[in-house]
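One-letter residues, chain by chain:
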Amino acid sequence: MSPAFGSFPVGADYLALQPMAVVACTPLAILFVDLFLTGSGNLRRGVAVGIAIVGLVFAGLIEAGQYPHDYAAFGGAFIQGGFSIVFSEIVIVATVATLLLSAGVGRTDQVAGTTALLLWSASGAMLMSGAASLMTVFLGLELLSLGLYCLCAISARSTAREAALKYLILSSMASGFLLYGSALLFGATGSVTFAALAAAPMTPLFALGAGLFLVGIAFKLSLVPFHAWTPDVYEGAPLPVTAFMSVVTKAGTLAVFARFAYAALPAGHAGAILIPIWVAAALSMLIGNLAALAQTDMKRLLAYSGIAQVGYIVAAFAGQTALGLRYALLYLAGYMFMNLGAFAVVELMSRDGDAVVGLPRFAGLAYRRPWLAAAMTLFLIGLAGLPPTIGFTGKILILAVTTSAGYAWLAGVLIAGTAISAYVYFKIVRAMFVHADPAHVRDERSRSSLPWLAVGVCAVLTFALGLFPLTPSNVLPLVK
Amino acid sequence: MIVTALVLAPILVGLALYALPRRDPGIAKGAAATLAALTFALAAFGSQVPDASVRWLSRPFAASFHLGFGPISYWLVLLLALVTFSALLVVRGPRTREIAAQLLVLQGAMNGLFLAKDVLLFALFWDLMLLPVFLVLVAGGTHGRTAWKYLLYNLAGGLALLLATAAFGVVSGTTDVIGSPTASAGIGASWGAWIFAGFAVAFLIKTPVFPFHTWMPETYADLPPPVVAVVSAVQSKAGLYGFLVIGVPFLGPEMAQARPLMFVLGLGALLYGAFVALAERDAKRVVAYSSLSHLGLILLAVFSGSSLAYAGALVYIIAHGLFSAALFIVLGAVEGREETRDLQRLGGLGARNPQLAGALMLAALAALGLPGLAGFAGEILILTGLYRAGFGWPAVIALLPIVLAAAYMLRVFQSIMNGPEHPDLPERRDLTWLEGLAVAPLVAAFVWLGIDPAGVIAAVMAGGAHVAGVR
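Residues numbered from 1 in each chain as written. Chains lettered and ligands numbered in written order. Predicted model: local features only at pLDDT ≥ 70, side-chain atom pairs only at ≥ 80, totals over all residues.

Q: Just give me the short version of the packing of helix α6 (residues 130-139) of chain B against helix α7 (residues 144-172) of chain B, but keep the residues and values in it.
A: Each pair of packed helices can be summarised by the angle the axes make with each other and by the distance between the axes. Residues and elements named next belong to chain B. At their nearest, the axes of α6 and α7 sit 9 Å apart, and the two run at 165° to each other. When the axes of α6 and α7 are compared, the pair comes out roughly antiparallel. Where α6 crosses over α7, the handedness of that crossing is left-handed. Packed against α6, whose contacting residues are Leu 130, Val 133, Phe 134, Leu 137 and Val 138, the element α7 presents Thr 146, Ala 147, Tyr 150, Leu 151, Asn 154, Leu 155 and Gly 158 at the interface. For the contact of α6 with α7, the per-class residue count stands at 9 nonpolar, 3 polar and no charged. (Axes fitted to C-alpha atoms, helices over the stretch in contact; angles between N-to-C directions. Helix = DSSP H or I, 4+ residues; strand = E, 2+ residues; numbered from the N terminus. Parallel < 35°, antiparallel > 145°, perpendicular 65-115°, else oblique. Left-handed = near helix turned anticlockwise from the far one by under 90°. Contact = placed C-beta atoms within 7 Å. Nonpolar A, V, L, I, M, F, W, Y, C, P; charged D, E, K, R; others polar.)

Q: Could you give me a rundown of the interface of chain B and chain A, with the residues and numbers involved?
A: Each partner contributes residues to the interface: chain B has 27 residues there, and chain A has 25 residues. Looking at the side of chain B that touches chain A, the elements that each hand over two or more residues are α5 (119-128), α6 and α7 of chain B. For the side of chain B that touches chain A, the element with the highest residue contribution is α7(B), accounting for 13 residues.

Q: Please give an account of the pairing of strand β1 (residues 52-57) of chain B that cites residues and values.
A: All names here are of chain B. Note that β1 and strand β2 (residues 63-67) share 5 bridges and pair antiparallel. By the bridge assignment for β2, Ser 53 is matched with His 66. Linking two consecutive strands that pair antiparallel, namely β1 and β2, is a turn of 5 residues. (Pairing = 2+ DSSP bridges.)

Q: How would you summarise the environment of B:Ala357 if you had to cite specific residues and measurements?
A: Residue and element names in this part refer to chain B. Within the secondary structure, Ala 357 sits in helix α15 (residues 354-368). C-beta crowding within 10 Å serves as the criterion here: with 20 such atoms nearby, Ala 357 is assigned to the buried category. Residues Ala 357 and Ile 416 lie 59 residues apart in sequence; the distance between their C-alpha atoms is 8.7 Å. Once you skip the residues sitting within four places of it in the chain, Ala 357 turns out to touch Leu 349, Gly 350 and Met 417. (Buried ≥ 20, exposed ≤ 12 C-beta atoms within 10 Å, placed from the backbone.)

Q: Go over the pairing of β2(B), please, and point to the residues and values.
A: Taking burial as the measure, the 5 residues of β2(B) include 5 buried ones, the bulk of the element. Burial along β2(B) is two-sided: B:Ala63, B:Phe65 and B:Leu67 and B:Ser64 and B:His66, pointing in opposite directions, are all buried.

Q: Go over the confidence of the model for chain A, please, and point to the residues and values.
A: Residue and element names in this part refer to chain A. For chain A, the mean per-residue pLDDT works out to 91, and 97% of the residues sit at or above 70. Predicted confidence in chain A is weakest over strand β1 (residues 71-73), with a mean pLDDT of 88, and strongest over helix α12 (residues 298-316), with 96. Considering only residues more than four positions removed or in separate chains, one finds that residues 1-6, a stretch of pLDDT under 50, has 3 contacts. (pLDDT = per-residue confidence, 0-100.)

Q: Requested: an account of helix α9 (residues 229-236) of chain A, with residues and values cited.
A: All names here are of chain A. Counting buried residues in α9 gives 6 out of 8 residues, a clear majority hidden from the surface. Every buried residue of α9 is accounted for by Thr 230, Pro 231, Val 233, Tyr 234, Glu 235 and Gly 236. Among the structural elements, α5 (134-153), α6 (158-189), α10 (239-264) and α12 are those in contact with the buried residues of α9.

Q: Tell me about helix α12 (residues 252-279) of chain B, residues and numbers included.
A: All names here are of chain B. Taking 1.5 Å of rise per residue, 28 residues should cover 40 Å, and α12 covers 38 Å from first to last C-alpha, within 8% of that figure. When the local axis directions of α12 are compared, the greatest deviation, roughly 55°, occurs at Arg 259, which is followed within four positions by the proline Pro 260. Inspection of α12 places Glu 254, Met 255, Met 262, Phe 263, Leu 265, Gly 266, Leu 267, Ala 269, Leu 270, Gly 273, Ala 274 and Ala 277 among the buried residues, and these make up the whole buried set. Those residues of α12 that are buried lie in contact with α8 (189-206), α11 (238-250), α13 (283-302) and α17 (392-417). (Expected span 1.5 Å × (residues − 1). Bend = angle between axes of the 7 residues up to and from the residue.)

Here it is, written out as structure tokens:
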């Protein structure tokens, strides 16, 4: 940034926003083209999803091209660099997978709208991954959430509207916490940029502000004890939207949390301020898995499992080590593939992606649809942390990094949570391999075969990442 | 190359068997048995092959996909191939294809476990080998409880192992240490006890040792005979193998500290297993509890710190693998014919089925420690080793269950083969040639090992400088 322009944005600032802008503008093209397609056939669905995927891939390529350069745009409000790019790529991949799932779901005249909303939400998550000021964090969060409120309510079921309302109210409350915390932080430091926060002296006002900010984050991450909304919302929302929320919302919020925890807290005080978060992560691993034990509906089960899995990821941040951040990102990517893979399998088992898929539907799946059962088994043993998957490798890396950072107790809780989770995931594996009378099992198939593509890619990557746990090196979150 | 093939070929072929038609299980069975025989030949002639190693992790600790033969693992891989071959020959029933496939996957995973020269890779295969057994139990249908008990017990052990492995890696900087003469001996006082505790929990559950054994009798009773033959013969040795290759070289001081506790557990298992075996009515459970008893003796040897006892432990590990596989296969043949394994309902089979009776007799004699058969060679080496290392009383107490072994093994034989013929039992034919072909190599091996165990002993003594760190 040249001094002559002061803090006025320059061309490079807009360049940093380019990938996000591509994702945010693609929906305009989708909606425009959709105006001319009045038929009800697959063409209309295909065009909407196709344009969206092209836009996302293009944005992903731009991101990849920017990878080696760190750049603080808009006076440090948005920082494009290794950290934000890795998170954005995760968001992009998850959104593409979601689009594959959503292609056959819902009414044809709604597809363009839902696709557009998904992309706008994704652009919000991308903004969050680069956000380095309290204002941009809030902007990204609201952009992410606004689309999701509509998407939750899009189904005609009454549970969908209930879910949307619940999500709206609780999410607004979380935003309220976040905003109040931001206001106090601004009051304590006189600035909204993370760079200024890190340099500020420690005062009670600052601690209170940071605490409220973290409560808002914990809400969004659905860490225990702020998790109660998650299963209801996941259950009510259409399946692709649930899949999207389970990865993209978490990725965006984790990016904000990581940047805040690593770079925005005054050195020497960060450890004390963050202790409640580690406790919340430990509780999430235990309570998330315990609550999942009793679930038979797949969406609720995966909601609770997601609560526990985010606990594992947050545990990797303990001690704010550089290595911990890399392994958190690795596990997040692994979680994305395992989780989206599982959702894709569920999608392939339901006619319209909207029906309830319960445990009984899995009975004897291994004998009716062996490939589907094999893929699901891989995803489930991965989520349970067993080899040969990224779940196993990622977990051992998190264990090692938390232990060496001096948080051996978190590693112990992680193991305890994993032990509980074995029953959760193997309940489904067992159902698939039990011989069941086909006459008693509802065997539905998805209208679209695109989810197969998601299943295949996720399965390959779940396996391959476990053998080759590649982690990006240049990912330390910067604030200026 | 060969070591990699020993791990991957069974797993890949096992998975590929699912592509074969279910109606014609003979092909799957034949292909699987051929592969098992091939792995035996490969392992027998390939012990001098170089290791295969590919870097896996470099941070926070170094780890590799490092596979290679060690002095102990050579024998265990051979044992596993032999037992898998025999087990595959006697698979039958509507699930033949699935069981054959899972047996091969199990063989591949356990080959990986024994050939792993990296503790993290060891932990990977440790967890992996649970899955085929769980799936066999699950597909068996009515035994939901058994499958859960097997999985949750062993997975709890596996997770303790994982945590201990992570801590081991962080402390020592690398997990690529198994069988490496240059690796640091000793982890250090502050972490050693915790790391040892994690490994010990996993190994004791897997063996199993009283009081961690409650999953075992049910699992053995519910598994189909070919699978239980492999699980009892080889999978149950994974924990003892772990103590020998990870515990002895790297956690020697902790092993010595834990010796009193382990001796109590081992002697407890010896006595408890023997007394319950005396009282059981279910033939398979008698053998299951006899395993508990025998493995307790090996646990004593592993914690004795005496290289003579280590040699005895290896001989007895192999011997037990051979005769318990033979016992389960023969008992499976009996159950397949008479549709019961209740000792009070069976009887008088010996008169019409001389070959069946002969096979059971040989296996039972090996199990009860008749001199000249492999069981005796192992027992006498362990007891001598214990005594020479100064553990006189444990050696004396360990003698009692050996006497009891004669009682419960002969009781099994008598109740099935001797006495009046029971008219309500279905009349079937004697040992088929396939069953004979399955039992014969096992019998030949334990006769040979009983007469000439020197090859096995030499392997331990040669590698003894490293394996037997203490004495």
